[in-house]
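A look at the structure
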Amino acid sequence: LKCERTEKQHFRTDRMRNILIAAMLQSQQTWLPQLSEPAAFNDVVADARYPLRLIAHCEEHQKAALKDFMGRPQVQILIGPEGDFSPEEIKLALSRDYQPVSLSATRLRTETAGVVAATLLCQ
């Protein structure tokens, strides 16, 4: 997801694919996850096809706990870059029926937040 505050604008698909292959071999898995090119935030929000759309951000808003959505099918959750989504991005997502959620009582790193969100939603 490419956001206003995304630090690395260049995505090396070949490098990421090699990392996926190495992780697959190391964990003795038989399937390779699908790797997609990063998409622009505005495009993702405009093309939201999921019935349940969530956005995890750090601004002070009334937020539901992500664990309240465990086990729900077809969920899309947006996790922001380091430095969070910009206020304009949050406003756009909320106007497109994204629900603000909190992942935890503490602030998480971007890398950790995606894993936590996937774990909570898949239970």
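Residues numbered from 1 in each chain as written. Predicted model: local features only at pLDDT ≥ 70, side-chain atom pairs only at ≥ 80, totals over all residues. Heavy atoms only, no water.

Our focus in this paragraph is the environment of Glu37. Within the secondary structure, Glu37 is located in the loop between α1 (13–26) and α2 (41–46). Sequence separation of Glu37 and Ser86 is 49 residues, and the distance between their C-alpha atoms is 21 Å. Excluding anything up to four places from it in sequence, Glu37 contacts Phe11 and Thr13. Here the side chain of Glu37 touches Thr13 through a polar contact of 2.3 Å, side chain to side chain. (Helix = DSSP H or I, 4+ residues; strand = E, 2+ residues; numbered from the N terminus. Contact = heavy atoms within 4.5 Å. Polar contact = N/O pair within 3.5 Å; in protein donor to acceptor, adjacent residues only side chain to side chain.)

Now for the confidence of the model for the protein chain. With 99% of its residues at a pLDDT of 70 or more, the protein chain shows a mean pLDDT of 89. Highest mean pLDDT in the protein chain belongs to helix α3 (residues 87–95) (96); lowest belongs to helix α4 (residues 110–121) (85). (pLDDT = per-residue confidence, 0-100.)

We now examine the nonpolar core. Generally speaking, soluble globular proteins have nonpolar side chains that are buried together. If you look at the biggest cluster of nonpolar residues, it comprises 12 residues: Leu52, Leu54, Ala56, Leu66, Phe69, Val75, Val101, Leu103, Ala113, Ala117, Leu120 and Leu121. Secondary structure elements with two or more residues in this core: β1 (52–56) and α4. Among the elements that take part in this core, α4 stands out by supplying four residues, more than any other. If you look at the next biggest cluster of nonpolar residues, it comprises 10 residues, including Leu78, Phe85, Ile90 and Tyr98. (Core = buried A, V, L, I, M, F, W, Y, C linked by side-chain atoms within 4.5 Å. Buried < 20%, exposed > 50% of the residue type's maximum accessible area, 1.4 Å probe, protein only.)

So, on to the side chain of His57. Positionally, His57 belongs in the loop between β1 and β2 (64–65). Looking at His57, the relative accessible area reads 6%, which means it is buried. For His57, the side chain forms a polar contact with the main-chain nitrogen of Glu59, separated by 3.2 Å.

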